[in-house]
Structure formats: C-alpha cells, structure tokens
Amino acid sequence: MQLSTKHLLGIKDISPADISLILSTAAQFKEVLQRPIKKVPSLRDVTIVNLFYENSTRTRMSFELAEKRLSADTINFAISSSSASKGETLLDTVNNILSMKVDMVVMRHYASGAPHFLSRHIPAAIINAGDGINEHPTQALLDAFSIQEKLGSLPGKKVVLIGDIMHSRVALSNIHLLKKMGAEVMVAGPPTLIPKYIGEAFQVKVEYDLKKALAWCDVANVLRIQLERQNQVLFSSLREYNLAYGVSKKLLDSLGKDIVIMHPGPINRGVEIDSDVADGSQSIILHQVENGVAVRMAVLYLLAGHALD
Amino acid sequence: MQLSTKHLLGIKDISPADISLILSTAAQFKEVLQRPIKKVPSLRDVTIVNLFYENSTRTRMSFELAEKRLSADTINFAISSSSASKGETLLDTVNNILSMKVDMVVMRHYASGAPHFLSRHIPAAIINAGDGINEHPTQALLDAFSIQEKLGSLPGKKVVLIGDIMHSRVALSNIHLLKKMGAEVMVAGPPTLIPKYIGEAFQVKVEYDLKKALAWCDVANVLRIQLERQNQVLFSSLREYNLAYGVSKKLLDSLGKDIVIMHPGPINRGVEIDSDVADGSQSIILHQVENGVAVRMAVLYLLAGHALD
Amino acid sequence: MQLSTKHLLGIKDISPADISLILSTAAQFKEVLQRPIKKVPSLRDVTIVNLFYENSTRTRMSFELAEKRLSADTINFAISSSSASKGETLLDTVNNILSMKVDMVVMRHYASGAPHFLSRHIPAAIINAGDGINEHPTQALLDAFSIQEKLGSLPGKKVVLIGDIMHSRVALSNIHLLKKMGAEVMVAGPPTLIPKYIGEAFQVKVEYDLKKALAWCDVANVLRIQLERQNQVLFSSLREYNLAYGVSKKLLDSLGKDIVIMHPGPINRGVEIDSDVADGSQSIILHQVENGVAVRMAVLYLLAGHALD
C-alpha cells in the first residue's frame, strides 16, 4: 500500500484512505517500540533534514527519534545557527540542502503555507511539522491514533477542542481530520478566540460554555494558551481564563460520566488544565507523546516509498 | 557485578563498593579508547537524552562521545532550543521525553537537587551532569580515577581543593568521594569562599594559606574562578586573587617536592593557575579530560544494566 | 596516493599535485553520491569534531553530510553553546577536545590564522572551514571541481571573481588555487572593495568595469555582499551596488557569448546577482553545493590517511 500523496503538507488535502493507512502503519510501529530493540533498518540509506524555523522540543525530538528508529541519517538545522539571518530566501536554503542529496525535509516554519510553497518547487518529500497558524498534521494524526486506541474507533465519537481555536494549527488539523474520519467536532472557548465563520465553514458545533461542551463530548482536547504571545486584548488574565475555561477535576466530576482528556503540550498547569486533570486516570496526554513517535515513523516510512522511487 | 543504585545523582549517596566498581570498569574502557577501533556495541539499543539546562562544552561532549562509543542512540536537548521558555515544568518535560521511550537521562540543571527530584518521579536512569551548586559526580569520579592512575591508589593520599569551595559542585563531589575512599582532604582559599561549617561537617582540613596547603598535599585540585559570575563582594579583583591564591611555578618550586596538579577546566590562565603550571610536567589536566570519557562510559554501561532489566 | 600535507589550512600552502589528487578523489566520491546507497564505510572508526566559532549553514551541513557518508562519528560544537564565553583559550578548548580522542578537527573561526596557529600545537588533522578574511580552502576546491566539470579543465580558463575581494576568504582561496592550476584570474568590483596591491601581489588582472570583466571571462564567480556587515563607507547603497556591479540577464545577453555563472552562496537576489541569472541555464550554483559534499569527503578521506597512520 502507498500513500496517494508525495508530501504531508496538511490534513486538509489528504484522503481518508491515506489517513487510515498512516494510522494502521503507526500501529505496527507502536508494536516495534514496545520491543527491547526498537530500531528497524527501513530507512537505512535515507537522509532527512529537520529544518526548524521555530523553537520546538517535543516535535523536533519526536521526529528525530522516529528517524533514528528507522535508521535514517538525520541532520538538524535550526534557525538560530543558520543563514536565515543572512537574508537568503527559503527556497534557496532548501534548494541548497537538497543539492546535498537530502531525501526528505521535515519542516517547521513561522509562516503559514511555507511548506506548501516549497512543495511546488522542490522534488523532495516535505513533512509539515507546523506552519504558522495553519496546520500541524502529524499532531492531528497522533491525536486521532490516541483516540482510536482509547475508544476503539473514530466514527461518531464526539470531540471538543477547547481554547484558542483562532491561532491554533493543532485545532485546524484536528478539525479536518476528525471530520474526514466521521467524528463529530465541537470547538469551545471564549468568543474572542473562536473565529466567527468556523461553524458554517467546517460544519463544527460552537460552544462558549465550557460545562456544556464537556457534557456533550466523549473526548476533550485541551489546547495550550500561548503564554509567550498572550494577547491582552483577547482575554483579561490567565486567572480569569482559568476560572472560565480551565478544565478542573471539580467540573469533570460534576458531569456524571468519564471523558477522555487530551492536550498537545506543553501544558500550562493551572491555566487551561489543572494538575489533577492532566495527571488523572482519564488523561491520555503521555500516550499522545508516545504515539507521536510511532505516527511519525509511519509518515516517514510511507513517504519514503515515494521519495526513493 | 552491578551497581547498587539505579541512578547517579551524587557521590554523597553511593557506596565505596559502587565507586570502586565504576573506577575498575572505567579502567577497562580506557583500554578500549587506546585501540584504533574505539567503539563497542554495548549499548546498541539504548536511547540516551542529554538534557542540558546550562551551557557546557566538555561535559556534554564527553558524555556524547561516551554514548557514541558505546553505540547508544543520542538525542541532545539544550535549553536554548527548548520548550523550557514556554513555562513547562521540568517534570512534564522529562515525562514527555520518557514517553518517547528514552532509556536514560543525562542531565545538567542550574537548580540544586533537580535530578534528585526527578528520580523520585520517573522510572528511567538519571545521571547527574551537574546540579546547581550541589554535586557533579562524574567529575569527582574522573578526578579520583586520574589520581589513582597517577599515584597508584587513593587511601591515605593527601588532596587539597583550592578556590571557590562555597559555590563549587566539583568540590563537594570530590570531598564526598575522597573521604569515602580513604583519602585525606583539605580545602584552601580565601575565607569568603570557604563555608564556615565545612571542617566539622565533612571532616576536612581548612587552610587559608596557599603555601601551607601545597606543602601539605600530594595532589592539588585547582578549581576554576567563575569569571562569568564573579562576585565583587567575595574577593577584590582577579589580580589580587592570583597574587594570594594563584598556583605559580615559583610557589611549587619552593616546596622541595613534586605534587600532582589537577583542574576541572575550563582554565583561567593567570587567575587561579599560571600557564607554566597548567602545562607543566606535574599537570594531569588533560589526562582528566581523557579519563572523563572512560569514566562516563563506565557509568552509562553500569546503569544501563539496571535500565534494561 | 597520499597528500603531502597533514592539514588543509589553506590553498596557499598546498601543491598542485595535492590539489589534483583531491579533485580526482572527489570525482570518485561524486559517483558514490549518485548511487541509491550513498554511504561508504571508509571512516567508520574516525571521530571528527565540527568546531564552529561562526554561524554557518551550508558549510557545516556539507561537512556533516560528508562525514556521515564516510561513516565517521561526528560531534558538533558551536560557539553559542560552548565554553568560549567562559574565557578559555582556543588552544585549551582544542586540547580538551583532542584529549577525548578526536581524530580530526573541522574548524571555522572568525580570526584569520586560527587554524594555522592550532596546527603548530596539536597532533590532529585540521581542516580549515573558513578563517576570518583569510582562506576558505574547501570552497575554492569545490569551485575548481565545478569549473573543471563544466569546462573540462582548468589550465587557460579565464575566471573573474566579482565583488568584495577585500574581505572575501573565498576570493583569496580561489585566486591561489586557480593560479596554481594554470587558470587566468581577474578580480572585478568597486575600487573600494579591491585591495590596491592585488594585481602585482598575485599576478591577477584588475577591472573596475563589470561589462569589460564579463566580456573577458569564461567563468564569473559572483561573490556575496555581506549585508550583515555592510560598510556604508565602501559603497553607497545596495541599489547602487546592484546598478554598477549586479550581474543581470540583460548584461549577459549583451555579451554575445555564454559564460558560466557561479556563486558561493548564500545569494542576495537583486543585489550582486539577479534571479534570472542565478536560476538561468548557465548557472552552476547548485552544482557547486552538490560538489561541495564530494570535495569534502575527498579532503576528509585523504587527510584521515595521515591521521590514522
């Protein structure tokens, strides 16, 4: 089986069949990761560059581990130690890298659409590891994998995304993926952080009351409030955000049912999620991280099939 | 033979038998490092993260080389390119890393006790590569290995630690180790840089006169003056420090005996040590660096025995 | 065949026979890089440190790829995460690294002559990856390789170097190499950026008129204007520089002949070179990048012969 796409730019443009193939391949790699010897020789002669124009811990590390467990050769290239400050265009940077016979590019960029632009100009396989406020497809894939693992399947499951929907690439990729795979989707948060058009545009429910949102759902995916770009205009303070939209044990206990708790990390404890929820029995947050490596191995492995043709 | 500990958090909490096992294992790895082929397959399926919350050249590089020569997979994670600035807790960061199936964590942190805290919450083996002003156990181990290599054994040897005893994790780890192994220990330096209680607390001699200290000892371990956090209150100037506590050729020649000169690096030539001493025939400074790789290989190898059980 | 030198410090001090040996060895490695499996086991037990005291994308990455394709173990050491800020001398830093049994040092330093100084004090093989405004020998070698590949040979070929000759280590290394190998060399640019003595000192032609320079040459190697250290005294503005010395399609079309276009990168499009020239059919800029990996493999491979003796 092969993907019908050469790149993974976003969830928006891939088919449900491709998503299913990635998820089932990830399940096989997850088995590999439980073994004492977690390494397979699949990409032994593939060279992959991790091109990060934005800081990242878990995503970069997750990709790097996925690459190493597939036996690929990896090169890290972070903006701070790069020529980007010298005024070179993105396309020139990448063309230079590819001239060195690199097979695949894992790329995070602060500009929405940067990997899409590149994919029209270069032959190598591109994996979007997050572009601006657009998409973060491998995060949505690992989230879907984790829901499926916990609840058995995606179709008909009710998933609410909570928080800053407006600026979240995780939210957008999740909405695309969950809708494609037949789940029901709601977005919840303060009106200032939810785009006005979103209900009609994506056929998702919109809810401004956190308790109602939680009462409706099977799964709550709690998004991170970006402290580093906290916008005073959008909500008044972290404390007020926590009071109105922080997911607390008390609130969950009041629902009379168990819902699955997810978070893409890094967590702000006491802001969007309380510690006893993040660490509680219904939380699958650390499974998401674990599954991330398996999902990324699957994406790299499947795209390499094209890259090496 | 196995270590009786799962982690290497500090010298304070490990037994003389564990120290002896590490030193004798290091001797075997030192032999390996003399061969044309310096690599052994011992940790071929082990993944190790180097988690550095403080800058470091030699310690990080020494660990990375030790890991590569044991054939481990290594991931580097430095604070500057990390999520730490995003407000994630240390425990969350490390739990995330471990969810990615990392077997061992080599960790340097600016907070004293950070690795000890972690060891109570995570299952992976932790190696402390320096925590605040507390301990730097692999440095003390390589120092002991180097003394033993030069003088044949540790029991009864007279070792003086010279300089900023107050803020030095190297000093504290050395005191613990040397006392446990039967050496005699003295600390020397200006009164402002030597904790008041230290003589009684650790059963070490205290000496404020450098010449007397050198006349007493077999080995002088000269500590680095931290230029980057030079505290004007503690001594008046680098020049005055050098006049009173700088180890010079002239001073050494006046002793009428040869003593072994050590320094954990990086050296401030002309401050705590003069160039003709650092480069002189009694200096084993570069042997310390060489032995550091062998000692770290031994620690990683022995702890992996537990980690892989 | 072996090189007659232990280090590659600059082109100035190596023989035409050594240059020929490097270029012919590079041709063999270029063949390797066209294969599906681009890796050879030649340096399997060699440890190489990439010691970069200046930012670099392509040079560091090109060396790292060359090392990995030769199966060497590599350690990266960049100034920002180093002890250099702690006041350690360059010689101490490198001696420390070598005590850890590193076989070869690839080094970029902001100070002209830094690798030459080191080579007089340390036993390991040193490869200069750029020192201040002095030399960048592997760049000149890959430029020569690329010219030879395009035009068949070097003797008698007319090469013009265009731009900031005064501050360019690429220009100096190119002049040395091209003269040694029998090519004719011209330098062109504004008088403020061309050293006064250069014609007599190096037996090169000097031309201040870009059109005349291009009319004379077979190959134009267009140098980068360093935006980050743009010196207002030396020329008035980037726009004026472009008008007088920017290589444009229109200008090339007016020559009535095809010349080969080169650039060491990163490119400032619209400053020293226009986009339709950089991307045009006569440009071999991306071949230069590709050849860089093969040339660096050759240098590392040939010097390792000495390093491992």
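J.: Explain the overall build of chain A to me, please; I cannot follow it from the model alone.
T.: In terms of helices and strands, chain A carries twelve helices and nine strands. The globule rule puts the C-alpha radius of gyration for 309 residues at 19 Å, and the 19 Å found for chain A is close to it. Summarising its shape, the C-alpha atoms of chain A cover approximately 55 × 45 × 35 Å along the three principal directions. Buried residues in chain A amount to 62% of all 309 residues. Put simply, of all contacts in chain A between residues at least 6 apart along the chain, 74% involve residues at least 24 apart. Total accessible area on chain A is roughly 11,300 Å²; 53% of this is exposed by carbon and sulfur atoms.

J.: Looking at this structure, I do not really get the confidence of the model for chain A. What am I missing?
T.: Note: predicted coordinates in regions of low pLDDT should not be interpreted at a detailed level. Of all residues in chain A, 94% have pLDDT values of 70 or greater, and the mean over the chain is 92. Of the two predicted TM-score estimates for the complex, the pTM is 0.92 and the ipTM is 0.87.

J.: What is the right way to look at helix α5 (residues 137-151) of chain C in this model?
T.: An α-helical segment advances 3.6 residues per turn. Residues three or four places apart therefore align on the same side. Residues and elements named next belong to chain C. Counted at 1.5 Å a residue, the expected span for α5 with its 15 residues is 21 Å, and the 21 Å between its end C-alpha atoms agrees. Counting buried positions over the 15 residues of α5 gives eleven, a clear majority of the element. Of all the residues in α5, the buried ones are Pro137, Thr138, Gln139, Ala140, Leu141, Leu142, Asp143, Ala144, Phe145, Ser146 and Ile147. Phi for Gly152, located one or two positions after α5, is positive at around 95°.

J.: Can you walk me through the side chain of Thr25 of chain B in this structure?
T.: Residue and element names in this part refer to chain B. Mapped onto the secondary structure, Thr25 falls in helix α1 (residues 16-34). Thr25 sits in the buried class, given a relative accessible area of 6%. A distance of 2.7 Å separates the side chain of Thr25 from the backbone oxygen of Leu21, its partner in a polar contact. The residues contacting Thr25, other than those within four sequence positions of it, are Ala298, Tyr301 and Leu302.

J.: What exactly am I supposed to notice about the relation of the copies chain C and chain A here?
T.: What relates the pair of chain copies is a rotation about an axis plus a shift along that axis. The transformation that overlays chain C on chain A combines an axial shift of 0.0 Å with a rotation of 120°, and the residual RMSD is 0.0 Å. The superposition operator between the copies reduces to a three-fold rotation axis.

J.: Looking at this model, I keep getting lost on the domain arrangement of chain A. Mind explaining?
T.: Quite often, the size of an interface is put as the accessible area lost when its parts meet. Residues and elements named next belong to chain A. Taken domain by domain, chain A holds domain 1 (11-135 + 289-307) and domain 2 (137-287). For domain 1 and domain 2, the distance between their C-alpha centroids amounts to 26 Å. Contact with domain 1, which involves 32 residues of that partner, is made by 28 residues of domain 2. Taken over both partners, the interface formed by domain 1 and domain 2 buries close to 2,500 Å², and the fraction arising from carbon and sulfur atoms is 63%. Counting the contacts that link domain 1 with domain 2 gives two salt bridges.

J.: Explain the interface of chain A and chain B here, please?
T.: Each side of the interface is counted separately: chain A has 28 residues, and chain B has 25 residues. Where chain A abuts chain B, roughly 2,400 Å² becomes buried across the two surfaces, and 51% of that area is made up of carbon and sulfur atoms. Its largest share of buried area at the contact with chain B, chain A owes to Asn55, Thr57 and Met61 of chain A, together 22% of the area lost on that side. Remark: the boundary between chain A and chain B carries five salt bridges. One salt bridge in this structure joins Asp92 of chain B and Arg269 of chain A, with 2.6 Å as the shortest N-O distance. Applying the counting rule to chain A against chain B returns ten residue pairs in polar contact (both at pLDDT 80 or more). When contributions to the side of chain A that touches chain B are tallied by element, the ones reaching two or more residues are α1 (16-34), α2 (58-69) and α12 (285-307) of chain A. Here the element with the most residues in the side of chain A that touches chain B is α2 of chain A; it accounts for eight residues. Classifying every residue of the side of chain A that touches chain B gives eleven nonpolar, six polar and eleven charged.

J.: What exactly am I supposed to notice about the pattern of salt bridges here?
T.: Applying the stated criterion across every chain, the model contains 36 salt bridges over all chains. Asp73 of chain B is paired through a salt bridge with Lys39 of chain A; the nearest N and O atoms lie 3.0 Å apart. With Asp73 of chain B in strand β2 (residues 73-78) and Lys39 of chain A in the loop between α1 and β1 (47-52), the pair connects residues from two separate chains. Given a relative accessible area of 32%, Lys39 of chain A falls into the partly exposed group.

J.: Just to check I follow, could you spell out the sheet that holds strand β7 (residues 205-207) of chain C for this structure?
T.: Adjacent strands of a sheet pair through backbone hydrogen bonds, lying either parallel or antiparallel. Residue and element names in this part refer to chain C. Strand order across the open sheet formed by five strands is β7-β6-β5-β8-β9, with parallel pairing between neighbours. Strands at the two margins of the open sheet, each flanked by one partner only, are β7 and β9 (260-262). Going from strand to strand, the sheet's axes swing by 20° on average, the running direction of each strand aside. Summarising the sheet, strand β5 (residues 158-162) and strand β8 (residues 219-222) pair through four bridges and their orientation is parallel. Bridge pairing in β8 links Ile162 to Val222. With respect to the sheet, α5 is in contact with β5, β8 and β9, its orientation differing from that of β9 by roughly 160°.

J.: Got a minute to help me understand the interface of chain C and chain A in this structure?
T.: If you look at the interface, chain C gives 28 residues, while chain A gives 25 residues. Across the interface of chain C and chain A, roughly 2,400 Å² is buried in total on both sides, 51% from carbon and sulfur atoms. Summed over the shared surface of chain C and chain A, the result is five salt bridges. Put simply, Glu290 of chain C and Lys101 of chain A hold a salt bridge, and the shortest N to O gap is 3.3 Å. Of the residues assigned to the side of chain C that touches chain A, the class counts are eleven nonpolar, six polar and eleven charged.

J.: Looking at this structure, how should I read the packing of helix α1 (residues 16-34) of chain C against α5 of chain C?
T.: Residues and elements named next belong to chain C. The N-to-C vectors of α1 and α5 enclose an angle of 70°; their axes lie 10 Å apart at closest approach. Considering their axes alone, α1 and α5 lie roughly perpendicular with respect to each other. α1 and α5 meet at a crossing whose hand is right-handed. Residues Ile19, Ile22, Leu23, Ala26, Ala27 and Lys30 of α1 form the contact with α5, whose participating residues are Leu141, Ala144, Phe145, Gln148 and Glu149. Here the contact of α1 with α5 is built from residues that sort into eight nonpolar, one polar and two charged.

J.: Would you take a moment to explain the packing of aromatic side chains for this structure?
T.: Here the structure, examined in full by the defined rule, presents twelve aromatic pairs over all chains. Each ring, one from Phe29 of chain B and one from Tyr301 of chain B, has its centre 5.5 Å from the other, and the planes form 75°; the classification is edge-to-face. Of this pair, Phe29 of chain B sits in helix α1 while Tyr301 of chain B sits in helix α12 (residues 285-307), and the two are 272 residues apart along the sequence. According to the relative accessible area criterion, Tyr301 of chain B is partly exposed, its value standing at 38%. Between Tyr53 of chain C and Tyr110 of chain C, the aromatic rings sit 6.4 Å apart at their centres with planes inclined by 75°, giving edge-to-face as the arrangement. On the criterion of sequence distance, the pair formed by Tyr53 of chain C in the loop between β1 (47-52) and α2 (58-69) and Tyr110 of chain C in the loop between β3 (104-109) and α4 (114-119) is long-range, its members being 57 residues apart. When its relative accessible area of 8% is taken as the criterion, Tyr53 of chain C is described as buried. Each member of the aromatic cluster is reached from another via a ring pair, and the members are Tyr53, Phe77 and Tyr110 of chain A. A cation over an aromatic ring shows up here: Arg296 of chain B above the ring of Phe63 of chain B, its NZ or CZ 4.9 Å from the ring centre.

J.: It is not clear to me how the sheet that holds β1 of chain A should be interpreted in this structure. Could you clarify?
T.: On the basis of which strands lie adjacent, the open sheet formed by four strands has the order β2-β1-β3-β4 (chain A) and parallel pairing. The open sheet terminates on both sides in strands that have one partner only, identified here as β2 (73-78) and β4 (125-131) of chain A. Mean inter-strand twist for the sheet, computed between neighbouring axes without regard to direction, equals 15°. α2 of chain C rests against β1 and β2 of chain A of the sheet, and its axis sits at about 170° to β2 of chain A.

J.: What should I look at first to understand the nonpolar core in this one?
T.: Across soluble globular proteins, nonpolar side chains have a tendency to be buried as a group. All names here are of chain B. Of all hydrophobic cores here, the largest spans 88 residues; its most connected members are Met104, Leu141, Leu177 and Leu300. Of the residues forming this core, the biggest block, eleven residues, is contributed by α12. Aside from chain neighbours lying at most four places away, what touches Leu177 is Ile11, Ile19, Ala140, Leu141, Ala144 and Leu154.

J.: Would you mind going over unusual backbone geometry with me for this structure?
T.: It is generally the case that most residues other than glycine have a negative phi and that most peptide bonds are trans. Residues and elements named next belong to chain B. With omega at -15°, the peptide bond leading from Gly265 into Pro266 counts as cis. One non-glycine residue, Lys101, adopts positive backbone phi at about 65°. Assignment of secondary structure puts Lys101 in the loop between α3 (90-99) and β3 (104-109). Of note in the backbone geometry, Gln203 takes a positive phi value of approximately 55° without being a glycine. On the secondary structure map, Gln203 appears in the loop between α7 (198-202) and β7 (205-207). Residue Gln203 is classed as exposed on the basis of its relative accessible area of 58%.

Scoring rules and cut-offs
- Residues numbered from 1 in each chain as written.
- Chains lettered and ligands numbered in written order.
- Predicted model: local features only at pLDDT ≥ 70, side-chain atom pairs only at ≥ 80, totals over all residues.
- Heavy atoms only, no water.
- Helix = DSSP H or I, 4+ residues; strand = E, 2+ residues; numbered from the N terminus.
- Rg over C-alpha atoms; globule rule 2.2 N^0.38 Å.
- Buried < 20%, exposed > 50% of the residue type's maximum accessible area, 1.4 Å probe, protein only.
- Contact = heavy atoms within 4.5 Å.
- Areas by Shrake-Rupley, 256 points an atom, 1.4 Å probe, with all protein chains shown as cover.
- pLDDT = per-residue confidence, 0-100.
- Expected span 1.5 Å × (residues − 1).
- Polar contact = N/O pair within 3.5 Å; in protein donor to acceptor, adjacent residues only side chain to side chain.
- Least-squares fit on C-alpha atoms with pLDDT ≥ 70 in both.
- Domains from an automatic or database assignment.
- Buried area = accessible area lost by both parts, 1.4 Å probe.
- Salt bridge = Lys/Arg side-chain N within 4 Å of Asp/Glu carboxyl O.
- Nonpolar A, V, L, I, M, F, W, Y, C, P; charged D, E, K, R; others polar.
- Pairing = 2+ DSSP bridges.
- Axes fitted to C-alpha atoms, helices over the stretch in contact; angles between N-to-C directions.
- Parallel < 35°, antiparallel > 145°, perpendicular 65-115°, else oblique.
- Left-handed = near helix turned anticlockwise from the far one by under 90°.
- Phe/Tyr/Trp six-rings, centres within 6.5 Å; stacked < 30°, edge-to-face > 60°.
- Lys NZ or Arg CZ within 6 Å of the ring centre and 35° of its normal.
- Core = buried A, V, L, I, M, F, W, Y, C linked by side-chain atoms within 4.5 Å.

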